[in-house]
Amino acid sequence: MPESMVPPFWWEREQLCYDRGNLRFAGEGVQELARRFGTPTFLYSGRRIRENLARVEAALKSTGLAHRLHYAMKANRFAPILTLMATERLCGIDACSPEEVMHATGCGFKETDISYTATAVSNSDLDALLRFEGLHMNCDAVSTIRRLGQRAPGRKIGLRINPAMGVGYGENERLHYSGEATTKFGIYKEQFEEALETAREHNLTVTTLHLHTGCGYLSQQLPVWETILAEAKTFASKIPGLERINLGGGLGVPHTKDDTPLDLSAWAAAIKRTFEGSGLTIEVEPGDYIVKDAGLLLLSVNTVETRQATRYIGVDGGFNIAVEPAFYKLPFEPVATRLRQGDTAPVTVVGNINEALDVFAEHHPMPPIHEEDTIALINSGAYASSMSSNHCMRGQFREVLLF
């Protein structure tokens, strides 16, 4: 297809775009990569990951506040990505299980690079974690504080609070970690004094306040997020000698043409307005923002068929390796790797798992698609491979980091 005939798409950028009708990613032709590695294959752009980290770092620097950036590795734990971050000293790590701590250290992070926050922490978890003396641990329950204090009195810890307000992508309450409904995450206002007293009883010093209220928020959610920051500051004022406040992650990326990208300048300005003069170090731990749009999932089309009034495109991967469309109603938009001549028409893209919820997109406009074509799911760099399963024994895929 001549280059002049290629329509602009909302997601296109320098390293993800069509060239004469053929999709290119991270400087490579996507169809050639699919031929070389097969499908399903996740592709990740090292350059995009660096750029995303640099943007967040620059926004934090603009506040004039002391700060530290961690990457939430539950978003994507592919070892080459973690090793890239560790060897280039791009960020620290947010971990939420002992195995994640061990994996991070195995990829080159030091114990002191890791901030640990989890829920429903077991005694065996605590015993494993306390072998890492330089690890910082945030406790999200009075029970955790008590049991940690019994094992390691005198240690410095953080408290994870629940401000009873949530923010996430759109109005999607599945992505809220706190809000009107009670959730399992963090210490509520009613328990806060008990938590502080339990820490004092075991000679634990609270140096950090932590909160994480939701995932995927964009610019239109920033007013609510700033209200949450003000509530967190109220909690912080009750802890003498507090050194840091960890604002969690949740920074989002656009998923559809109607989404407006997160304005990092406005995000940073809200942090500055709330915490300027507090003397606190600001910590953040994004996952989505760092790796989501740095990833593609390549899939082969095996079925093209019209059933009643619906045109179905069947592919060789399912919701078990890319769960967000099914679990959270977050689209990984399907795009053609080759633009064919012909009219765009609505199709429903479905996977190969024998479950009704295995649908990637419904009534989604695409150019003509043939059997044996390759399609790509954009925004699949986060919460896809890391949440995968072997359901129906179809859990096989490859992962490739491109530079």
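One can find the structure itself at the top, above this paragraph.
Here is what the cut-offs are and how they apply
Residues numbered from 1 in each chain as written. Predicted model: local features only at pLDDT ≥ 70, side-chain atom pairs only at ≥ 80, totals over all residues. Heavy atoms only, no water. Helix = DSSP H or I, 4+ residues; strand = E, 2+ residues; numbered from the N terminus. Contact = heavy atoms within 4.5 Å. Expected span 1.5 Å × (residues − 1). Buried < 20%, exposed > 50% of the residue type's maximum accessible area, 1.4 Å probe, protein only. Arc of directions from axis to C-beta. Pairing = 2+ DSSP bridges. Axes fitted to C-alpha atoms, helices over the stretch in contact; angles between N-to-C directions. Polar contact = N/O pair within 3.5 Å; in protein donor to acceptor, adjacent residues only side chain to side chain. Phe/Tyr/Trp six-rings, centres within 6.5 Å; stacked < 30°, edge-to-face > 60°. Lys NZ or Arg CZ within 6 Å of the ring centre and 35° of its normal.

### With respect to the side chain of His202
And then number 1: With respect to the helices and strands, His202 occurs in the loop between helix H7 (189-201) and strand E10 (205-210).
And then number 2: Apart from the residues within four sequence positions on either side, His202 is in contact with Arg146, Gly149, Gln150, Pro153 and Gly154.

### Remarks on H7
And then number 1: With 13 residues, H7 extends 19 Å between its outermost C-alpha atoms, agreeing within 8% with the 18 Å of an ideal straight helix rising 1.5 Å per residue.
And then number 2: Three or more residues of H7 are buried, namely Phe192, Ala195, Leu196, Thr198 and Ala199. For H7, the angular spread of buried residues about the axis comes to 160°, placing them on one side. Facing away from the buried side of H7 by over 90 degrees, the exposed positions are Glu190 and Glu201.
And then number 3: The elements touched by buried residues of H7 are helix H6 (142-151), strand E9 (156-160), E10 and helix H8 (222-236).
And then number 4: Positive phi shows up at Asn203, right after H7, with a value of about 60°.

### Considering the sheet that holds E10
And then number 1: Strand order in this closed barrel of 8 strands is E5-E6-E7-E8-E9-E10-E11-E12, and the pairing throughout is parallel. In this sheet, neighbouring strand axes are inclined to one another by 30° on average, regardless of whether the strands run parallel or antiparallel.
And then number 2: In terms of strand pairing, strand E5 (residues 67-72) meets strand E12 (residues 281-284) through 3 bridges, oriented parallel. Across the sheet, Leu69 pairs through a bridge with Val284, a residue of E12.
And then number 3: With respect to the sheet, H7 is in contact with E9 and E10, its orientation differing from that of E9 by roughly 170°.

### Section: the sheet that holds strand E1 (residues 16-19)
And then number 1: Pairing within the open sheet is antiparallel, and its 3 strands lie in the order E1-E2-E3. Looking along the sheet, the strands with just one partner apiece sit at the ends: E1 and strand E3 (28-29).
And then number 2: With 2 bridges joining them, strand E2 (residues 22-25) and E3 adopt antiparallel strand pairing. Looking at E3, one finds that Arg24 is bridged to Gly29.

### Quick word on the side chain of Asp373
And then number 1: Here Asp373 lies in the loop between strand E17 (359-366) and strand E18 (374-378).
And then number 2: Within the local environment of Asp373, its side chain forms a polar contact with the side chain of Arg340, the two groups lying 2.7 Å apart.

### Quick word on the packing of aromatic side chains
And then number 1: In total, this model carries 10 aromatic pairs according to the counting rule given.
And then number 2: Ring centres 5.0 Å apart and planes at 85° place the aromatic pair Phe192 and Phe235 in the edge-to-face group. Separated by 43 residues along the polypeptide, Phe192 in helix H7 and Phe235 in helix H8 bring together distant segments of the chain.
And then number 3: Here Trp225 and Trp267 contribute two aromatic rings whose centre-to-centre distance is 6.0 Å and whose plane-to-plane angle is 20°, an arrangement assigned as stacked. In this pair, Trp225 is assigned in helix H8 and Trp267 in helix H9 (residues 264-275), connecting sequence segments 42 residues apart.
And then number 4: An aromatic cluster of at least three residues, connected via ring pairs, comprises Phe42, Tyr44, Phe78 and Phe397.
And then number 5: Its end group placed over the ring of Tyr312, Arg307 keeps NZ or CZ at 5.9 Å from the ring centre.

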